[in-house]
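# Geometric and topological summary
What follows is the residue order along each chain.
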Amino acid sequence: MQNIDLICLGKLNAAYCAAGVAEYQKRLSAFCNFRIIELPEELIREKNASAAVIEKALDKEGTAILSHVRKGAAIVAMCVEGKLVSSEDLAAFVSERALQGAGDIAFVIGSSHGLSPKVKQAAALKFSMGRITLPHQLARLVLTEQIYRAFSINNGIKYHK
């Protein structure tokens, strides 16, 4: 069974997002081993932190993220400059990984300051959810739903229209 990890910085504390993520996590258990790994966001105490301070925090976060990626897993970096993909495109990516025999995928959502350049460099796919800005907690819910949608497409389930 394919291993799909969602590596996120920060806790999911909005009840409505947590309920939605839990529902899709339950549904995904029929198709894959899905786990969510929550890592702490680097604390930046300064209100108007310099670029160097932010870069240092992103570097620490990037190291933590990469240490939690399963060996051989394809990293999908969620970032604004990433590729706009359809649900069908995402389903094809998930299916292609499974057919290659190296099906593990690690989706990564960065912190409020973004995602470390080293994570983006290691990514097999840079994926954007569009030009809109989503709170990280809502992005986690939307991404979890899209992962479920990808599996429903690949398995011919009528969830996707």
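Described in the following lines is the structure provided in the data block. (Residues numbered from 1 in each chain as written. Predicted model: local features only at pLDDT ≥ 70, side-chain atom pairs only at ≥ 80, totals over all residues. Heavy atoms only, no water.)

For the rest of this paragraph, the subject is the packing of aromatic side chains. Within this structure, the stated rule accounts for three aromatic pairs. With a centroid separation of 5.8 Å and an interplanar angle of 40 degrees, the aromatic rings of Y24 and Y148 are classed as tilted. Taken together, the residues span a long stretch of sequence, with Y24 in helix α1 (residues 15-28) and Y148 in helix α5 (residues 136-154) at a distance of 124 residues. When the centroid spacing of 6.2 Å and the interplanar angle of 50 degrees are considered together, the rings of F31 and Y148 count as tilted. Here F31, found in the loop between α1 and β2 (32-39), pairs with Y148, found in helix α5; they are 117 residues apart in sequence, far enough to count as distant. For F31, a relative accessible area of 16% gives the class buried. Put simply, the rings of Y24, F31, Y148 and F151 touch in pairs and so form one group of aromatic residues. (Phe/Tyr/Trp six-rings, centres within 6.5 Å; stacked < 30°, edge-to-face > 60°. Helix = DSSP H or I, 4+ residues; strand = E, 2+ residues; numbered from the N terminus. Buried < 20%, exposed > 50% of the residue type's maximum accessible area, 1.4 Å probe, protein only.)

The next point concerns the environment of N33. Tracing the chain through its elements places N33 in strand β2. According to the relative accessible area criterion, N33 is partly exposed, its value standing at 36%. Each C-alpha atom of the pair N33 and M1 lies 6.6 Å from the other, and the pair is 32 residues apart in sequence. Leaving out residues up to four positions away in the same chain, N33 has contacts with M1, Q2, N3 and I4. Only 3.1 Å separates the side chain of N33 from the side chain of N3, close enough to count as a polar contact. (Contact = heavy atoms within 4.5 Å. Polar contact = N/O pair within 3.5 Å; in protein donor to acceptor, adjacent residues only side chain to side chain.)

A word on the pattern of salt bridges. Inspection of the entire model under this criterion finds nine salt bridges. A salt bridge links E81 to K120; its shortest N-O distance comes to 2.6 Å. On the criterion of sequence distance, the pair formed by E81 in strand β3 (residues 74-84) and K120 in helix α4 (residues 117-122) is long-range, its members being 39 residues apart. When salt bridges that share partners are traced, they join D5, R35 and R70 into one network. (Salt bridge = Lys/Arg side-chain N within 4 Å of Asp/Glu carboxyl O.)

For the rest of this paragraph, the subject is the side chain of R149. Relative to the elements of secondary structure, R149 occurs in helix α5. Within polar-contact distance, the side chain of R149 engages the side chain of E145 at 2.8 Å.

All right, on to the sheet that holds strand β5 (residues 125-128) then. Taken together, the five strands give an open sheet; going across it, the order is β2-β1-β4-β3-β5, and neighbouring strands pair in parallel fashion. Lying at the two open borders of the sheet, with one neighbouring strand each, are β2 and β5. For this sheet, the mean angle separating the axes of adjacent strands, direction not counted, is 30 degrees. By the bridge criterion, five bridges tie strand β1 (residues 2-9) to strand β4 (residues 105-109) in an arrangement that is parallel. What sits directly across from I7, in β4, is V108. Lying on the sheet, helix α2 (residues 51-67) is in contact with β1, β2, β3 and β4; it crosses β1 at an angle near 160 degrees. (Pairing = 2+ DSSP bridges. Axes fitted to C-alpha atoms, helices over the stretch in contact; angles between N-to-C directions.)

This part is about the packing of α1 against α5. Contact geometry of α1 with α5 gives a least axis separation of 9 Å together with a crossing angle of 20 degrees. Relative to α5, the element α1 lies roughly parallel. In the crossing of α1 with α5, the sense of the turn from one axis to the other is left-handed. Contacts between α1 and α5 involve C17, G20, V21, Y24, Q25, R27 and L28 from the former and Q137, L138, R140, L141, T144, E145, I147, Y148 and F151 from the latter. Classifying every residue of the contact of α1 with α5 gives nine nonpolar, four polar and three charged. (Parallel < 35°, antiparallel > 145°, perpendicular 65-115°, else oblique. Left-handed = near helix turned anticlockwise from the far one by under 90°. Nonpolar A, V, L, I, M, F, W, Y, C, P; charged D, E, K, R; others polar.)

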